[in-house]
Amino acid sequence: MAETLRRVRVALGAGRGYDVRVGAGALDALGEVTRRAAGEDARRVAVVSNARVFKLYGARALASLRAQRFTVTRWLMPDGERFKTLRTAERALAFLAESEIERGDAVVALGGGVVGDLAGFAAALHLRGVAVVQVPTTLVAQVDASVGGKTAVNTPAGKNLVGVFHQPRAVLADTDTLATLRPRELTSGWCEAVKHGAVGDRELFERTKKFLEEGRDARDDGRRQRLADLVAAHCAFKAKIVAGDEREDSARADARSRRVLNFGHTVGHALEAATRYGRFRHGEAVGYGMLAAAEISFRLGMLARTELESLGEAVRLAGRLPPADGLDPKLILRILRTDKKRRGGRARWVLLEGIGRARVVDGREVPASLVRAATAAALRR
Ligand code: NAD
Ligand code: GLY
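The residue count restarts for each chain, going from 1 along the sequence in the order it is written. Working convention: letters from A go to chains and numbers from 1 go to ligands, in the order in which they are written. Given that the model is predicted, a residue must reach a pLDDT of at least 70 before its local features are reported, and side-chain atom pairs must reach 80 or more before they are shown or counted; all residues, however, enter totals for whole chains, interfaces and linings. Hydrogens and water molecules were not included; the side-chain quantities draw on all heavy atoms of the structure.

Peer 1: Where do I start with the overall build of the chain in this structure?
Peer 2: Tallying secondary structure elements over the chain gives 13 helices and eleven strands in all. Computed over its C-alpha atoms, the radius of gyration of the chain comes to 20 Å, within 12% of the 21 Å expected for a compact globule of 381 residues. Here the C-alpha coordinates of the chain stretch approximately 60 × 45 × 40 Å along the principal axes. Counting only residues that meet the buried cut, the chain has 58% of its 381 residues in that class. Under the DSSP-based scheme used, a helix requires at least four consecutive residues in state H or I and a strand at least two consecutive residues in state E, with every element numbered from the N terminus. When we talk radius of gyration, it's over C-alpha atoms, and the globule rule is simply 2.2 Å times the number of residues to the 0.38. For every residue, the accessible area (1.4 Å probe, protein chains only) is compared with the maximum for its type, and the residue is labelled buried under 20%, exposed over 50%, or partly exposed between those bounds.

Peer 1: Can you walk me through a positive patch on the surface in this structure?
Peer 2: Together, Lys330, Arg334, Arg337 and Arg372 line one region of the surface with positive charge. Ranked by residue count, the leading element in the positive patch is helix α12 (residues 329–342), at three residues. With respect to the secondary-structure elements, Arg337 resides in helix α12. In this scheme, patches are assembled from residues that exceed 30% relative accessible area and form no salt bridge. Like charges are connected within 9 Å, while nonpolar side chains (Val, Leu, Ile, Met, Phe, Trp, Tyr) are connected within 5 Å. Surface accessibility follows the Shrake-Rupley procedure with a 1.4 Å probe radius. Residue values consider only the protein chains on display as shielding. Whenever a carboxyl oxygen of Asp or Glu lies within 4 Å of a side-chain nitrogen of Lys or Arg, that contact is scored as a salt bridge. Only four residue types enter the charge count, namely Lys and Arg as positive and Asp and Glu as negative; His and the chain termini do not. By convention, the charge on Lys lies at NZ, on Arg at CZ, on Asp at CG and on Glu at CD.

Peer 1: Can you help me understand helix α13 (residues 368–379) in this one?
Peer 2: Because an α-helix packs 3.6 residues into every turn, residues spaced three or four apart end up facing the same way. A helix is expected to reach a length of 1.5 Å times the quantity of its residues less one. With twelve residues, α13 extends 16 Å from end C-alpha to end C-alpha; this agrees with the ideal 16 Å at 1.5 Å per step. Of all the residues in α13, the buried ones are Leu370, Val371, Ala374, Thr375, Ala376, Ala377, Ala378 and Leu379.

Peer 1: Any chance you could explain the packing of aromatic side chains here in plain terms?
Peer 2: Centre distance and the angle of the planes are the two values used to describe a pair of aromatic rings. Within 6.5 Å between ring centres, the rings of Phe, Tyr and Trp (the latter by its six-membered ring) count as paired, and their orientation is classed by plane angle as stacked under 30 degrees, edge-to-face over 60, tilted in between. This model, assessed by the stated rule, comprises three aromatic pairs. Geometrically, the ring pair formed by Trp190 and Phe211 is tilted, given 5.5 Å between the ring centres and 40° between the ring planes. Of this pair, Trp190 sits in helix α6 (residues 183–200) while Phe211 sits in helix α7 (residues 202–213), placing them 21 residues apart in sequence. Here Phe280 and Tyr288 contribute two aromatic rings whose centre-to-centre distance is 5.8 Å and whose plane-to-plane angle is 75°, an arrangement assigned as edge-to-face. Residue class for Phe280 comes out buried when judged on its relative accessible area of 5%. For the cation-ring pair, Arg223 lies above Phe211, with the distance from its terminal atom to the ring centre recorded as 3.8 Å. Sitting over a ring, as applied to charges here, requires NZ of Lys or CZ of Arg to be within 6 Å of the ring centre and within 35 degrees of the ring normal.

Peer 1: Looking at this model, I keep getting lost on the site of ligand 1. Mind explaining?
Peer 2: Surrounding ligand 1, one finds 26 residues, the nearest of these being Glu81, Thr137, Thr138, Thr180 and Arg182. Distance and chemistry together define a polar contact, namely a pair of N or O atoms within 3.5 Å, with one atom able to donate a hydrogen and the other to accept it when in protein, and with adjacent residues in sequence counting only for side-chain atoms on both sides. A distance of 2.9 Å is found between an oxygen atom of ligand 1 and a side-chain nitrogen or oxygen belonging to Asp79. Interatomic distance of 2.7 Å between a side-chain N/O atom of Thr180 and a nitrogen atom of ligand 1. For ligand 1, the accessible surface in isolation is 860 Å², of which the surrounding protein chains cover 93%. The set of elements that each furnish at least two residues to the shell around ligand 1 consists of α2 (51–66), α4 (113–125) and α5 (139–145). The element contributing the most residues to the shell around ligand 1 is α2, with four residues. Put simply, Ala, Val, Leu, Ile, Met, Phe, Trp, Tyr, Cys and Pro go in the nonpolar bin, Asp, Glu, Lys and Arg in the charged bin, and everything else, Gly too, in the polar bin. In terms of residue class, the shell around ligand 1 is made up of seven nonpolar, eight polar and eleven charged. We define proximity as follows: a residue is near a molecule or strand when any one of its heavy atoms falls within 4 Å of that partner.

Peer 1: When you look at the site of ligand 2 in this model, what are you seeing that I'm missing?
Peer 2: For ligand 2, the full set of nearby residues is Asp144, Lys150, Lys238, Glu248, Arg258 and Leu261. The separation between an oxygen atom of ligand 2 and a polar side-chain atom of Lys238 is 2.7 Å. One of the side-chain nitrogen or oxygen atoms of Arg258 is found 2.7 Å away from an oxygen atom of ligand 2. When the free accessible area of ligand 2 is taken as 200 Å², the share hidden by the protein chains comes to 85%. Considering only residue class, the shell around ligand 2 consists of one nonpolar, no polar and five charged.

Peer 1: Just to check I follow, could you spell out the nonpolar core for this structure?
Peer 2: Nonpolar side chains in soluble globular proteins generally cluster together in the buried interior. Residues grouped as a nonpolar core are buried Ala, Val, Leu, Ile, Met, Phe, Trp, Tyr and Cys residues, joined through side-chain atoms within 4.5 Å. Grouped together as the largest cluster of nonpolar side chains are 79 residues, with contacts concentrated most on Val20, Trp190, Phe263, Leu271 and Leu311. For this core, the leading source of residues is helix α8 (residues 221–244), giving ten residues. Counting residues in hydrophobic clusters, the runner-up holds 27 residues, among them Leu27, Leu30, Val135 and Leu172.

Peer 1: I'm lost on the environment of Arg21 in this one. Help?
Peer 2: Of note, Arg21 is situated in strand β2 (residues 16–23). Taking the C-alpha atoms as reference points, Arg21 and Thr4, 17 residues apart in sequence, are found 9.6 Å from one another. Two residues form a contact once any of their heavy atoms are found within 4.5 Å. Beyond its immediate sequence surroundings of up to four residues, Arg21 is in contact with Leu5, Arg6, Arg7, Arg36, Val171, Leu172 and Ala173.

This is the structure in structure tokens:
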């Protein structure tokens, strides 16, 4: 049964915005949340999920929606990043058309970031945009992907290269669903959570670390509540950044721009590409990427050693990362250079001046030899 849900507002200006609701057992409120988000006239809801998630949570989601008199259809996409493609989006669009989803109806995305990104993308395209309610069931999706309206698919040219901004009408995060995640998915999510604190909120950083220090296995009810409080705090952090820079303005490079959320992603993406997306979960690669970016910050004299160590400790607490010491830093550098060319030659690093203080630095200020040495040091950890 759902407890009282925490409410985080994503205020987008000009009266636009939406609520993120977070709580243990929140899934039972899906019907109510969707009714409020879509309005009294909405008749149909199309649920997009995958078999793994639907088997665990589908029945509860459907029962809650039907209790609000919605006619519900569902479609299960194949599980995995490699299915986040235009081809799958086309199948999702066919499903929305067959379900006769009209402009006033809604799509519900029940799953992790892959389902959320793909269903959000399809909802943005169907009839030029219908409401989507994000129901994230992974930690990555609860603290990050479900909030902020980025939707995308991958193409042969790279990850998330085709997409649109389509803000959800509501987000509902049931933190009890995290109990069934595989440990690596939790590690991946905790790395993204560490990132939030590191770039913009020291208090959130320390609080996340403290929660992780208590140990993952503690299962008391107090911890269940603290987890929901912490996830809500991360959503509030993300909401604040998104409210200030909804579409990641490419002209901005200040410490509150959405760009700072890319901390750890430069080397992280290169690691994923170097291993053909087969070795690391995205958050795990970001874990290494954050260590590399912090090491660069330290070697540039921007970041104190104690702060570097504190970040290293937080990443360690997030969970065990797959070994990376066999990877050649020269290959990573080559991939970084190719990426840079693709973006018109202007690489920008998100670095740290301290925990909670990010700075965007022009790539020309970061010598390649330093990147190589810092990356090698980070991968040895
Ligand atoms: P994912 O969606 O692939 O989920 C990971 C695995 O966990 C999958 O096998 C899934 O079926 C399973 N799963 C999901 N919920 C579960 C549950 N409660 N219990 C048991 N198993 C469960 O991966 P992810 O890490 O959630 O998301 C990664 C994706 O999110 C990437 O495509 C990334 O690009 C995207 N992303 C988007 C944004 C954004 O702002 N839109 C932000 C971060 C990440
Ligand atoms: N996950 C980064 C962003 O939403 O901007």
